[in-house]
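Notes for the structure review
The primary structure of each chain is shown beneath.
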Amino acid sequence: MNDVERLLRQAQQWQAEHGPDVDRIRRALPALRTRRTRRRRAGFAALALVAVLLIAAPALLWPRGEQPDHPGGRPHLTPPAPSSVAPTGIDPDRIPLGYAPTWLPGGLHERFRGVTRTATGDLRIQRAWTAHHVGTAGGLPHQAVTVTVQQARNPRDPAESAAQTVEINGVLAAYARDTDRAGATVSWLADARHIVEVHTDISMSRTDLLRIARSMQVDTAYTLPLRLRWAPADRPDVSYELSGDSGTAWNATVVLTNPDRPDARVTITLAPGTVAPRDGDEVVNVGGRPAQLSTSPGPDGKPMLSLVQQQDNSPYLLTISCQAGTPVTPTKDDLIRLAEQTASPDAFSPDWLD
Amino acid sequence: MTFEEFVAVRLGALVRYATVVTWNAHLAEDVVQEVLIRAQPRWSRIGALEAPERYLQRMVVNEFLSWRRLRASRVVHAGDALEDLLTPQADPTGRFDERDAMLRLVATLPAKQRAVIALRFYEDMPVEEIADILGCRVTTVRTHLNRAMAALRHAVPNPAPAAPVTGERP
């Protein structure tokens, strides 16, 4: 032991012996616990109030009178959505982010943000960081670090049934390695209503994965370039996604689904490209501008009904697509109505993609 | 061991440990209270661990280093740049000046370096275990350790000769 180390150890001993009064801490514990419980209950009550206000706000701000009339006079696939309008229940100007890591291994960039809201009101927020470019095709990228925040009324603590637990900032978390890949997942109950999961399918050490998880902090919200002023009510689950490699090359997608009818899925995409034919079977009028309507084989081989419209003064295309020929396939007028009721800003450049 | 038994038997050691990690008695009290309040509802699981005290020690470090505490941890002797502190002057024994200077010097170290030297020299943990507790690489721990010791050596270049060791680790 050198002299500095000896001095340091002596100073540490002295410091340890001059700490706070242990008996005072012991005596104060019950009162602190009571105060904390009361504060937590008050916090939950405040959160519930905010949630109620958030749900009610769109209905108040978007009165029924502003709902556009149905353009074609034919029946919709469903009755018009109630004035709710934020028909999807999500405000595109304030998409929640949940949590974000404040530390990541070098070379990773955020490429994907998505939020899904189910009919029961539960939210799932996903974000992904990759070392490679993801292009503008959309979708959750592979070879990524993915953070998922699941909001539910009665979430199950992942640590309770975990084979292996770790500690994340004072909370027990479940840790599991992927059985068939090099990845791993750590998940924990971040608070009474949120489960946070960090998953990697990039090869990285357990220490790095835990460090990412331990660096997690609450994050605010971001904006999406797609706004739906109307959505069919029989597709109650909605997902918003934004992905890309830069502020000028991105893909914004809204997916409307019905958990009981997989064939009811409708996808609305704003991107520089499209998987749908650019030279459609029919030219239709959408808000006074031409759009291409066509039926063609989709990526899964099933027939896909799609509407494509070039955006004004922009390289971006609006594409609305769904499975064709099913009992729940939207009508042509429904697609036109969706396109007309989908708004996007003239200029949009998400700085988090740069 | 129940939570109440743990508090009755080990609270003193946990408080001393927190005082060395935080280098601030008030902050140590705050951190320990926070940790105990969070640990109690989960004690059925924590108490079943092989080393519940080690788990709470980890909670103390994480709480100290968490963003909520960073501001508080910085106010310890804030403004005392390491180089501004004087090398202790000789006194009849030499040891008290050196100790006081060391107390002030440690307070000027960054929070993570302070935590690392607490775990290394007060808890006598190997660097691998420190890395696990802090959730970082072993090389990172070594870097913190080396930087802290280099800073202290620079500020205390010629300490007085070693005195006989008195007192035991609590």
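Rules used throughout
- Residues numbered from 1 in each chain as written.
- Chains lettered and ligands numbered in written order.
- Predicted model: local features only at pLDDT ≥ 70, side-chain atom pairs only at ≥ 80, totals over all residues.
- Heavy atoms only, no water.
- Helix = DSSP H or I, 4+ residues; strand = E, 2+ residues; numbered from the N terminus.
- Buried < 20%, exposed > 50% of the residue type's maximum accessible area, 1.4 Å probe, protein only.
- Contact = heavy atoms within 4.5 Å.
- Core = buried A, V, L, I, M, F, W, Y, C linked by side-chain atoms within 4.5 Å.
- Axes fitted to C-alpha atoms, helices over the stretch in contact; angles between N-to-C directions.
- Parallel < 35°, antiparallel > 145°, perpendicular 65-115°, else oblique.
- Nonpolar A, V, L, I, M, F, W, Y, C, P; charged D, E, K, R; others polar.
- Phe/Tyr/Trp six-rings, centres within 6.5 Å; stacked < 30°, edge-to-face > 60°.
- Lys NZ or Arg CZ within 6 Å of the ring centre and 35° of its normal.
- Buried area = accessible area lost by both parts, 1.4 Å probe.
- Salt bridge = Lys/Arg side-chain N within 4 Å of Asp/Glu carboxyl O.
- Polar contact = N/O pair within 3.5 Å; in protein donor to acceptor, adjacent residues only side chain to side chain.

1. Section: the environment of Ala107 of chain B
Looking at where Ala107 of chain B falls in the secondary structure, it is placed in helix H6 (residues 95–108). Distance from Ala107 of chain B to Asn24 of chain B, taken between C-alpha atoms, is 8.4 Å for residues 83 residues apart in sequence.

2. Brief notes about the side chain of Asn258 of chain A
Residues and elements named next belong to chain A. Topologically, Asn258 is positioned in strand E14 (residues 249–258). Note on Asn258: relative accessible area 17%, which makes it buried. Not counting chain neighbours up to four residues away, the residues in contact with Asn258 comprise Asp234, Arg235, Pro236 and Ala264.

3. Regarding the nonpolar core
Residues Leu36, Leu56, Val61, Met102, Leu134 and Leu152 of chain B are the most contacted members of the largest nonpolar core, which totals 68 residues. Considering every element that reaches this core, the biggest residue donor is helix H1 (residues 3–22) of chain B, with ten residues. Counting 65 residues, the second-largest nonpolar core is a separate cluster that includes Tyr175, Val238, Leu242 and Leu305 of chain A.

4. A few points about the packing of helix H1 (residues 3–17) of chain A against helix H7 (residues 111–122) of chain B
H7 of chain B packs onto H1 of chain A with a crossing angle of 95 degrees between their chain directions and a minimal axis gap of 10 Å. When the interaxial angle is binned, H1 of chain A and H7 of chain B end up roughly perpendicular. Across the interface between the two elements, Glu5, Leu8, Arg9, Gln12, Gln13 and Ala16 of chain A of H1 of chain A pack against Ile117, Ala118, Phe121 and Tyr122 of chain B of H7 of chain B. Classifying every residue of the contact of H1 of chain A with H7 of chain B by side-chain character gives six nonpolar, two polar and two charged.

5. Looking at the packing of aromatic side chains
One pass over the structure, following the stated rule, counts three aromatic pairs over all chains. Judged by centre distance (5.5 Å) and plane angle (75 degrees), the ring pair of Phe3 of chain B and Trp43 of chain B falls under edge-to-face. Here Phe3 of chain B, found in helix H1, pairs with Trp43 of chain B, found in helix H3 (residues 43–46); they are 40 residues apart in sequence, far enough to count as distant. In this structure, Phe3 of chain B and Trp43 of chain B share a single accessibility class: buried. Put simply, the rings of Phe3, Phe6 and Trp43 of chain B touch in pairs and so form one group of aromatic residues. Sitting above the plane of the Tyr175 of chain A ring, Arg206 of chain A keeps its charged end 4.8 Å from the centroid.

6. Let's talk about the interface of chain B and chain A
Listed by partner, the interface residues are 55 residues for chain B and 38 residues for chain A. Between chain B and chain A, roughly 4500 Å² of surface is buried when both sides are summed, and carbon and sulfur atoms account for 61% of that area. By the criterion of area lost to chain A, the three top residues of chain B are Ile37, Arg45 and Phe121 of chain B, representing 13% of everything that side buries. Remark: the boundary between chain B and chain A carries four salt bridges. Taken together, chain B and chain A are joined by ten residue pairs in polar contact (both at pLDDT 80 or more).

7. Digging into unusual backbone geometry
Phi is positive for Gln143 of chain A, which is not a glycine, with a value near 50 degrees. Structurally, the position occupied by Gln143 of chain A is in the loop between strand E4 (123–130) and strand E5 (144–151).

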